[in-house]
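Remarks on the overall topology
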Amino acid sequence: MEIPHIIFLTYSNFSERDYIRYGIEIFKDNRYNITIFNVAEIVIPMRRENIENNNVSLHVEHIDSLENFSDLVQQHSGSVYISLMGFSLGILPLYRILSQNKCKYGAIYTNAIPLLHKSNNYFIKTINRFKLFTFKRLYYHIKKQLYIKSSLTRAFDFVIVGGEKSLLNIENINHKTMVVFTHTMDYDLFLNSSSYIANEDYFVFLDEYTPYHPDWGLFNIDNSKIADSYYGKMNSFFEKLEKKYHKKIIICAHPRADYTKIGDVWKGREIVYSQTLSYVKNAFACITHASTSTNFAVLFKKPVIFVTMYELKDIYDHYIYAVAKALNSDVLQLETFNIDNNIVMNPDLSVYYEYKIAYIKTISSEEKYIWDIFIDKYLKEKYAEKQINE
């Protein structure tokens, strides 16, 4: 069977964490050669400062123009391209080049998240949609549709999906597109964990590096201005929770957080990096805004306490309330919440199961790593079929 070259398309620095998440060792064990095409300088030029440092043993091409991209695509004839970037307008010129060169390409859509319509009133929903309208959005929408309708981009050859709701996020497919049912990347880590649960006496906070997350810069949002009030309110809540339940709170740092640079914002609390699964697994309960690591709480059937504050109202509340609603949970408003009130610590496991099927893993997907499933279902099947036809 022919062994194609695998090329990942990304606009982020390919980190050691990505090396694991995207199954590089699994591909290597199956004799596939891997290259990373980092197209940040084409898609998001402002990310240039973030793409120079690469700590993984892979060949990474930093591509600064469409002409350069086109040349490299022609040099890698017969490769399979896996996009980590979805189907936004800025990426379509790259897909057009892949289409023109008749490359096999697809995208990964495993991480669906709940969405919330705050009102069932048709008039209010219409007004809210109107508020979001701009001529720039209309221009992008029309241009995107023209790309699709004029066949400047060919439909994806494959898409890799997770829970049932991830199917709602997919664009650029047709009847020829192979849908490969897998699960979220969190589930890969879950598969690799032991069954033993210690049930220790602590809470975990699923950190999202909210005031300083680098992705806010993509939307020209400076959340650092809320840092003092954000950490002040979170620490005040933590102190009350610790006093009420006599349990410490451990901070499971976001993978892109660097608390060594911003001081002791968590008031001496323990901060752990790259160990979220094991800490959630053994925790008494989890605290979050709307972290995707909530998946671990669902998988290990842990109680989840959702919290928000006025500073998050315009930038994040809709996600917080959406995830909480999907898990049939309340959201604590930190400015008005009374710690003497009862906090529900008994999750509805039937709701957790429904959430798992909708957002983490379908019933029919295999209990195997994402990339093992992809290799078996798409690469081996398609290229064996190609060899037979030739």
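Residues numbered from 1 in each chain as written. Predicted model: local features only at pLDDT ≥ 70, side-chain atom pairs only at ≥ 80, totals over all residues. Heavy atoms only, no water.

Some words on the sheet that holds strand β12 (residues 304–308)
With parallel pairing, the six strands of this open sheet are ordered in space as β10-β9-β8-β11-β12-β13. Here the strands that pair on one side only, and so sit at the sheet edges, are β10 (271–272) and β13 (331–333). Each of β12 and β13 touches helix α12 (residues 317–326); the most contacted strand, β12, lies at about 160° to it. (Pairing = 2+ DSSP bridges. Helix = DSSP H or I, 4+ residues; strand = E, 2+ residues; numbered from the N terminus. Contact = heavy atoms within 4.5 Å. Axes fitted to C-alpha atoms, helices over the stretch in contact; angles between N-to-C directions.)

Overview of the sheet that holds strand β1 (residues 6–10)
Read across the open sheet, the seven strands follow the order β3-β2-β1-β4-β5-β6-β7; overall the sheet is parallel. Two strands lie at the open edges of the sheet, namely β3 (59–62) and β7 (178–181), each paired on one side alone. Within this sheet the neighbouring strands show an average axis-to-axis angle of 25°, counted without direction. Along the sheet, helix α5 (residues 92–100) makes contact with β1, β4 (80–83) and β5 (104–109), crossing β5 at roughly 145°.

Description of the packing of aromatic side chains
This model, assessed by the stated rule, comprises 36 aromatic pairs. An angle of 70° between the planes, with centres 6.3 Å apart, marks the rings of Tyr 259 and Trp 266 as edge-to-face. Pair check on accessibility: Tyr 259 and Trp 266 agree, each one buried. With centroids separated by 5.6 Å and ring planes inclined at 15°, the aromatic side chains of Phe 374 and Tyr 378 adopt a geometry described as stacked. One end of the pair is Phe 374 and the other is Tyr 378, both in helix α14 (residues 370–389) and four residues apart, which spans about a single turn. As far as burial versus exposure is concerned, Phe 374 and Tyr 378 are alike and both buried. (Phe/Tyr/Trp six-rings, centres within 6.5 Å; stacked < 30°, edge-to-face > 60°. Buried < 20%, exposed > 50% of the residue type's maximum accessible area, 1.4 Å probe, protein only.)

Quick word on unusual backbone geometry
In this model, Tyr 209 sits at a positive phi of 55°, which is unusual for a non-glycine residue. Relative to the helices and strands, Tyr 209 is located in the loop between β8 (202–206) and α9 (227–245). In the Ramachandran plot, His 246 falls in the positive-phi region, its phi being about 55° despite a non-glycine side chain. By the element assignment, His 246 lies in the loop between α9 and β9 (248–252).

Some remarks on the side chain of Asn 295
With respect to the element layout, Asn 295 can be found in helix α11 (residues 294–299). Taking relative accessible area as the criterion, Asn 295 reaches 6% and is therefore assigned buried. Among the polar contacts listed, one links the side chain of Asn 295 to the side chain of Asp 186, at a separation of 3.1 Å. Residues contacting Asn 295, with those up to four places away along its chain left out, are Thr 184, Asp 186, Tyr 355 and Ile 360. (Polar contact = N/O pair within 3.5 Å; in protein donor to acceptor, adjacent residues only side chain to side chain.)

A closer look at the pairing of β7
Taking every second residue as pointing to the same face, the buried face of β7 carries Met 178 and Val 180, while none of Val 179 and Phe 181 on the other face is buried. Inspection of the sheet shows strand β6 (residues 158–161) paired to β7 by four bridges, in the parallel sense. For Val 161, the partnering residue across the bridge sits in β7 and is Phe 181.

Let's talk about the nonpolar core
Counting 64 residues, the largest nonpolar core has Phe 237, Leu 241, Trp 266, Ile 287 and Ile 305 as the members making the most contacts within it. Tallying contributions element by element places α9 first for this core, with eight residues. (Core = buried A, V, L, I, M, F, W, Y, C linked by side-chain atoms within 4.5 Å.)

Focus: the confidence of the model for the protein chain
Residues of the protein chain with pLDDT of at least 70 account for 84%, and the chain-wide mean is 86. Of the regions scoring below 50 in pLDDT, residues 48–53 engages in eight contacts with residues more than four places distant in sequence or in other chains. Overall, residues 118–133 carries pLDDT values under 50, and its contacts beyond four positions in sequence, including any with other chains, amount to eight contacts. (pLDDT = per-residue confidence, 0-100.)

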